[in-house]
Amino acid sequence: MSWADVIARGSGAIAYRLVIAGHPLEFVSASYLVGSGTEDRARIGGLEARSIQWSESLDPAAVKLRAQGFTARIVDDGSHRTGDSFVRQPSRINYLTSSVMSGTVAIPMANTNTANGDIFYLGNECFKITSGGGTAAPSCTGTRGYRDSIATAHYVDPTLGLSRPEITFEEPGQYNGRPSIEGSLAYLYAYGDGETGTGTLVWRGIVAAQPKLRDLTVWEVELDSVASVLDQSIAADLADPSTLRGIYYTANTAPQFTISILAGADYDGSVQHSAVVGGADLAGHYETQEDFCAALDALVRTASSTWGTHALNRTSGEKPTLTATPTVTGAWRFVYSTPNSSHRWCNVATLNQSTAYIDPIYSSPGMPLQRVDGLRVFSVASSSSYYPYSFDRVDAAGTVPRGVIGLVEDTPAPMAYIGGSLALATGDTVILEWPAFDGLDALTKSYDVITPDSVTRSAELEVPDPSRFRRGPRRRRDYRAYTATSVPSLTTSRTYAIAGTVADFLTSLTTDSPTQSALGRMPLVTGDHVDMTSVTTDVDAISLGRDWLTARDYLGTSDVSLAKMLEEECKLYGLVPYITTDGRISYRPFRVGAATEATSYTVDASKNLSGAQMPGFEPSAFGLLNTIQLKTGFDAKTSKHIGRTFVVRDAAALSRNPLPRQMKVEPRSSWSDDSLIPYSEVLAMAQTWLGVLGAAYQTITVACRLDAISAVIGSQVAVTVAQLPNTTSGGRGVTLASGVVIGRAVRPLDAIVELTILTTQVRVAGYAPSSLIASTTLVSGTTYDIVLDATQPSGYAATDVWQVDDEIEVRQYDTALPTNRTGTITVVTPSTRTVRAVLNAAPAAGTLTLEYRAATLIVAQQEKYAFIAVDDASGNVIEFSSGNQPPRQFAS
């Protein structure tokens, strides 16, 4: 018996296979499934089937999905393979030496202790070496994301001062490949009794914590629903403002000096040697003060290398030195030291005083030197150290970080070296909050990121407002110097999707996250988590022709929950989240189907397990909505809505419940013309929610057979339960009430799926259907097979709408004097688009349509459809043979 057979029957013996992404073992609940798995995995027994059950529930008023996983219990086997796979630490460790992207196949390692066929782990990703074992960069061609793990980027970032990413190896027979499985995807496959092979994927989740040993025999693995992946920050690296780091100069802002050695030991001697150092040669980025000073010392050494015995900073022999040295206050200064003999006076003068904004200024010749005790001298002695006279250009000059950002004369585009963990990408906007400094007022300024570098964590910035740049004194407005006492705070406006839909945003997320999640730019959410095919189809249908939904910008500036962001988008688009039958997250329109619609599941006496669990009934469980507030114009820089605020108040709902019950719609996306959103569009958006939650509704809880497992949240169902209150005529008994599933609790071993269904007292019906006929064929007598067109025009009905005993009419189309035939349907075959009917005469030639008969001539099952009302002396009524009704009894 297959799993499909079990579902079709509603019950039956079942077995499970639990797969944890990357893990060497798969855990099964039946002995016949034990054996070898795929991709070098083994299947072992011990999984307790009783521990497996899961649920999802939707609060439609808040558009919030709550999904519960389960704790899988696995009995340790006699060889302790299960326990070893969870806790035995790897014995062979290596380290990543440089960053790799999600598609890189040659993995650079610090050691060569590898061999072809080795399986190793880097983070949560599993790899297998296919060639190059024993080299510094073995190849994993075709095995990135091995064993159902997700191929992602892995970064080596020496600027953070952290250890390199660790690589751990799985030793044959030890099952000890990695220190932790927390955060890994888990997949649950179901089997019918005796079924083998892959099974059917019915659920997926996330390992919430490291496994725990209970009673020394059972390992418990806590598994959250896959929906928990949304409970992450959309951009963890934006949680707090960042800052600049290190020292950065352009060619025009790096300090430039003339250094001179005089002919004697006195300050007024003639110049014997002279050189210029710094400037363009000193331009660039230095991580620390020591790095900067070492670079300046090297330039002095090179510039004076031809000075013979007076050459400075030589690496061997008797030597004088002129070294840049960090001070205890965090600044830096030059220190001049004389040799034992042939000592000479040294002058240091700053050449670019007008652009050396943040470094000490040296003003020689003619200035004294200072001894280390502070005494000024005009002559130097042998084997002594002195400070060339200087004054600070800016208080605390020389501290780290320091540098200049902005346009200064003809410098290239400014560079920013980012501190903390912030990661930039092309298209981002960097917002610098400059404090008042060096005579300039505080300023907030934005820069566009042009060329980011993830290795150095730097970015080339585009100077904003180029039309404002002028020569002369006003030029000081075009740059900002900074030191550690005036470093700006840095925030980022991030672009996820431009002029698109929420489906485009999710596409960007699922496409980019394998590369950018490790940088903190976004959580790791991929196609293994989200069913993008169904999302895109439904969003495209909803937003078709509605510019304010098809051309939205998705930006971000702060740390916000992805789940919260998507909840607001769902309200805007009229969507609700759900978990698909294969365990992925998706989104679908929220609606209660018309009574005339085909449903995906029917709850009736044969499927209602009232003997196992009595049905439940609760009126208006989420309150009666009466007001919708839509905020527009989300500003990513301030994280505030600065556009129009629309308010829709439902007068009918307010009359039912005068207390305010409001849904706020606060999307973190925006449309460039938010002020032009038609109010009629806002009303249509609001009606999605008010049409269901603003009128009387009720939630029904009913235990069903296992075949209800496919009735996921958002599915349209019909409910017939004799024990429940009848909200229309009173008493008990609900018959074919239209509803939408808002909760599903699956208990497979009990063969029970508990559904929570929202039904409404608003009687919604489709209009009596019509279908275009492709052909008619005589069967016998006056019985004809009527074959419908494969593709029906918009608004026309497919074959499965028609039912046996329907009273029909075959009408001749587009004819002045049509010949019509009436009859009764006897057989409906949707697979061949055939409706068999007994007609009163042979159908006419030409284009034909299949129609319902007049309201007074139809059977009871057709009365659930809406018919055109008759205008007579008693007003608009629908004249049924069973009694006339006002039209609003049938459609609303």
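Just so it is clear, the structure is predicted and the values come from calculations on it, not from any experiment.

Engineer: Looking at this structure, I do not really get the packing of helix H4 (residues 502-516) against helix H7 (residues 562-573). What am I missing?
Structural biologist: Two numbers describe a pair of packed helices, the interaxial angle and the distance between the axes. Where H4 contacts H7, the axes come no closer than 11 Å and their chain directions differ by 155°. Accordingly, the angle class assigned to the pair H4 and H7 is roughly antiparallel. Between H4 and H7, the residues in contact are Val502, Phe505, Leu506 and Leu509 and Leu562, Met565, Leu566, Glu569 and Tyr573, respectively. Partitioning the contact of H4 with H7 into residue classes produces 8 nonpolar, no polar and 1 charged.

Engineer: In this structure, what is going on with the packing of aromatic side chains? I would like to understand it.
Structural biologist: Aromatic ring pairs are described here by two measures, namely the spacing of the ring centres and the angle between the planes. Tallied over the full model, the rule gives 27 aromatic pairs. Judged by centre distance (6.3 Å) and plane angle (40°), the ring pair of Trp54 and Trp203 falls under tilted. Of this pair, Trp54 sits in strand S5 (residues 54-59) while Trp203 sits in strand S13 (residues 200-207), placing them 149 residues apart in sequence. Judged by its relative accessible area of 1%, Trp203 falls in the buried class. When the centroid spacing of 5.8 Å and the interplanar angle of 90° are considered together, the rings of Tyr496 and Phe505 count as edge-to-face. You'll find Tyr496 and Phe505 in the same group, each marked buried.

Engineer: It is not clear to me how the nonpolar core should be interpreted in this structure. Could you clarify?
Structural biologist: Grouped burial of nonpolar side chains is what soluble globular proteins tend to show. Counting 99 residues, the largest nonpolar core has Ile234, Phe505, Tyr573, Tyr587, Ile628 and Trp689 as its most contacted members. Discounting chain neighbours no more than four positions away, the residues touching Trp689 are Pro60, Val63, Cys570, Lys571, Gly574, Leu575, Val576, Phe590, Leu625, Ile628, Met663 and Gly694. Residues Trp3, Ile74, Val702 and Ala711 belong to the second largest nonpolar core, which totals 50 residues.

Engineer: Explain the confidence of the model for the protein chain here, please?
Structural biologist: This prediction gives the protein chain a mean pLDDT of 89; 95% of its residues lie at or above 70. Within the model, the stretch residues 465-477 combines pLDDT values under 50 with 16 contacts to residues more than four positions away or in other chains.

Engineer: Looking at this structure, how should I read the sheet that holds strand S11 (residues 166-170)?
Structural biologist: What links the strands of a sheet is backbone hydrogen bonding, and the strands pair in either a parallel or an antiparallel sense. Spatially, S8-S11-S9-S10 is the arrangement adopted by the 4 strands of the open sheet, whose pairing is antiparallel. Taken across any chain shown, the strands that pair with only one partner, and hence form the sheet edges, are strand S8 (93-95) and strand S10 (125-128). For this sheet, the mean inter-axis angle between neighbouring strands, taken without regard to orientation, is 30°.

Engineer: Teacher, can you tell me more about empty space enclosed by the protein here?
Structural biologist: Once rolled over the atoms, a probe with the size of a water molecule shows which space is left empty. Under the definition given, this model contains 3 cavities of 30 Å³ or more. Of the volumes computed, that of the largest cavity is approximately 50 Å³. Forming the walls of the largest cavity are Val502, Leu506, Val535, Leu566, Glu569, Cys570, Tyr573, Leu575 and Tyr587. Residue assignment for the lining of the largest cavity shows that the elements contributing at least two residues are H4 and H7. Among the elements that take part in the lining of the largest cavity, H7 stands out by supplying 4 residues, more than any other. Its residues assigned to classes, the lining of the largest cavity shows 8 nonpolar, no polar and 1 charged.

Engineer: Honestly, the packing of H4 against helix H5 (residues 532-543) in this entry has me stumped. Any pointers?
Structural biologist: The interhelical angle for the contact between H4 and H5, taken along N-to-C directions, is 160°, at an axis separation of 9 Å. One way to sum up the angle between H4 and H5 is to call them roughly antiparallel. Handedness of the crossing formed by H4 with H5: left-handed. When H4 is examined against H5, the residues Val502, Ala503, Leu506, Thr507 and Thr510 are found in contact with a partner set consisting of Met532, Val535, Thr536 and Val539. Classifying every residue of the contact of H4 with H5 by side-chain character gives 6 nonpolar, 3 polar and no charged.

Engineer: Help me understand the environment of Ala745, please; the structure alone is not making it clear to me.
Structural biologist: Relative to the helices and strands, Ala745 is located in strand S48 (residues 732-747). With relative accessibility at 19%, the residue Ala745 sits in the buried group. The spatial distance from the C-alpha of Ala745 to the C-alpha of Ser57 is 8.2 Å, given a sequence separation of 688 residues.

Engineer: Help me understand the sheet that holds strand S22 (residues 346-350), please; the structure alone is not making it clear to me.
Structural biologist: Pairing within the open sheet is antiparallel, and its 3 strands lie in the order S18-S17-S22. Single-partner strands in this sheet number two, and they are strand S18 (271-278) and S22. For this sheet, the mean inter-axis angle between neighbouring strands, taken without regard to orientation, is 20°. By the bridge criterion, 5 bridges tie strand S17 (residues 256-262) to S22 in an arrangement that is antiparallel. Its bridge partner being in S22, Thr258 is matched across the sheet by Ala349. Packing of helix H3 (residues 289-303) onto the sheet brings it into contact with S17 and S18, and relative to S18 it is tilted by some 140°.

Each value, and the rule that gives it
Residues numbered from 1 in each chain as written. Predicted model: local features only at pLDDT ≥ 70, side-chain atom pairs only at ≥ 80, totals over all residues. Heavy atoms only, no water. Axes fitted to C-alpha atoms, helices over the stretch in contact; angles between N-to-C directions. Helix = DSSP H or I, 4+ residues; strand = E, 2+ residues; numbered from the N terminus. Parallel < 35°, antiparallel > 145°, perpendicular 65-115°, else oblique. Contact = heavy atoms within 4.5 Å. Nonpolar A, V, L, I, M, F, W, Y, C, P; charged D, E, K, R; others polar. Phe/Tyr/Trp six-rings, centres within 6.5 Å; stacked < 30°, edge-to-face > 60°. Buried < 20%, exposed > 50% of the residue type's maximum accessible area, 1.4 Å probe, protein only. Core = buried A, V, L, I, M, F, W, Y, C linked by side-chain atoms within 4.5 Å. pLDDT = per-residue confidence, 0-100. Pairing = 2+ DSSP bridges. 1 Å grid on protein atoms, 1.4 Å probe; cavity = no way out; pocket = protein on both sides within 12 Å on 5 of 7 lines; lining within 4 Å. Points joined across faces, edges and corners; volume = space filled by probe spheres on them. Left-handed = near helix turned anticlockwise from the far one by under 90°.

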